[in-house]
Amino acid sequence: MLVIAFGSGYYWQRTHNRPASVLTSPDSPLGDLSGFRQIAQDTLGLVRKGDLPAAKSRITDLESAWDKAENQLRPMDSEKWTSADKSIDKALRALRSGRTDAGACGTSLETLIATFHALDKKQ
């Protein structure tokens, strides 16, 4: 049982924290952001279901992955990286505030997802 539980946890961690390295993309100034966008969408889904504790945990996955990729992403386009970073920070603040408001969390996550979509287009 312990081996199965550990293996399942390991698999979940590996598949849900994908964006450690970023693939370059001719259509995006910061490369392939789909992994980051997926985490933001997962988080939004949790907020919409009313599971704010799980959403707080999932947004931490985004924060960790984004921080790990910073040295690769920031030199690609510092201005666009900063824009995305600020949007991530707003979503983090919304989810971690003392009085978490699901509506504000949803709005900040929708804005973040829109930011990622905008960056996926050639500028």
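Keep in mind it's a predicted model, so treat the numbers as computed, not measured.

Novice: Even after reading the chapter, I still don't get the overall build of the protein, so can you show me in this structure?
Specialist: The helix and strand inventory of the protein stands at five helices and zero strands. Contacts spanning at least 24 positions in sequence make up 68% of the contacts within the protein whose residues lie at least 6 apart. Of the roughly 7300 Å² that the protein leaves accessible, carbon and sulfur atoms contribute 54%.

Novice: What is the right way to look at the environment of Pro53 in this model?
Specialist: Topologically, Pro53 is positioned in helix 3 (residues 52-73). Look at Pro53 and you get exposed, because its relative accessible area is 61%. For the pair formed by Pro53 and Leu95, sequence separation is 42 residues and the distance between their alpha carbons is 8.9 Å.

Novice: Before we go on, may I ask you to explain helix 4 (residues 78-96) in this structure?
Specialist: Side chains that are three or four residues apart share a direction in an α-helix, a result of its 3.6 residues per turn. Compared with the 27 Å implied by 1.5 Å per residue over 19 residues, the 26 Å span of helix 4 between its first and last C-alpha is a close match. Buried residues along helix 4 sit in contact with helix 2 (34-48), helix 3 and helix 5 (102-119). N-capping of helix 4 is provided by Asp77, with a side-chain oxygen placed 3.3 Å from the backbone N of Glu79.

Novice: What should I look at first to understand helix 3 in this one?
Specialist: Most pronounced at Asp67, the bend in helix 3 amounts to some 30 degrees. Taken as a whole, helix 3 has its buried residues at Leu52, Ala55, Arg58, Ile59, Asp61, Leu62, Ala65, Trp66, Ala69 and Leu73. Its side-chain oxygen 3.2 Å from the backbone nitrogen of Ala54, Asp51 forms the N-cap of helix 3.

Novice: Any chance you could explain the environment of Ala54 here in plain terms?
Specialist: One can find Ala54 in helix 3. Sequence-wise, Ala54 and Asp42 are 12 residues apart; in three dimensions their C-alpha atoms are separated by 9.9 Å.

Novice: Quick question: what am I supposed to make of the pattern of salt bridges here?
Specialist: Close approach of charged atoms allows side chains of opposite charge to pair. Evaluated as defined, the whole model comprises five salt bridges. Salt-bridge contacts for Glu110 lead to Arg48; the nearest nitrogen and oxygen are separated by 2.8 Å. Of the two residues, Glu110 is situated in helix 5 and Arg48 in helix 2; the sequence distance between them amounts to 62 residues. Of the charged contacts in the structure, one is a salt bridge between Arg74 and Glu70, with a shortest N-O distance of 3.0 Å. On the basis of relative accessible area, Glu70 is assigned to the partly exposed category, the value being 23%.

Conventions we followed
- Residues numbered from 1 in each chain as written.
- Predicted model: local features only at pLDDT ≥ 70, side-chain atom pairs only at ≥ 80, totals over all residues.
- Heavy atoms only, no water.
- Helix = DSSP H or I, 4+ residues; strand = E, 2+ residues; numbered from the N terminus.
- Contact = heavy atoms within 4.5 Å.
- Areas by Shrake-Rupley, 256 points an atom, 1.4 Å probe, with all protein chains shown as cover.
- Buried < 20%, exposed > 50% of the residue type's maximum accessible area, 1.4 Å probe, protein only.
- Expected span 1.5 Å × (residues − 1).
- Polar contact = N/O pair within 3.5 Å; in protein donor to acceptor, adjacent residues only side chain to side chain.
- Bend = angle between axes of the 7 residues up to and from the residue.
- Salt bridge = Lys/Arg side-chain N within 4 Å of Asp/Glu carboxyl O.

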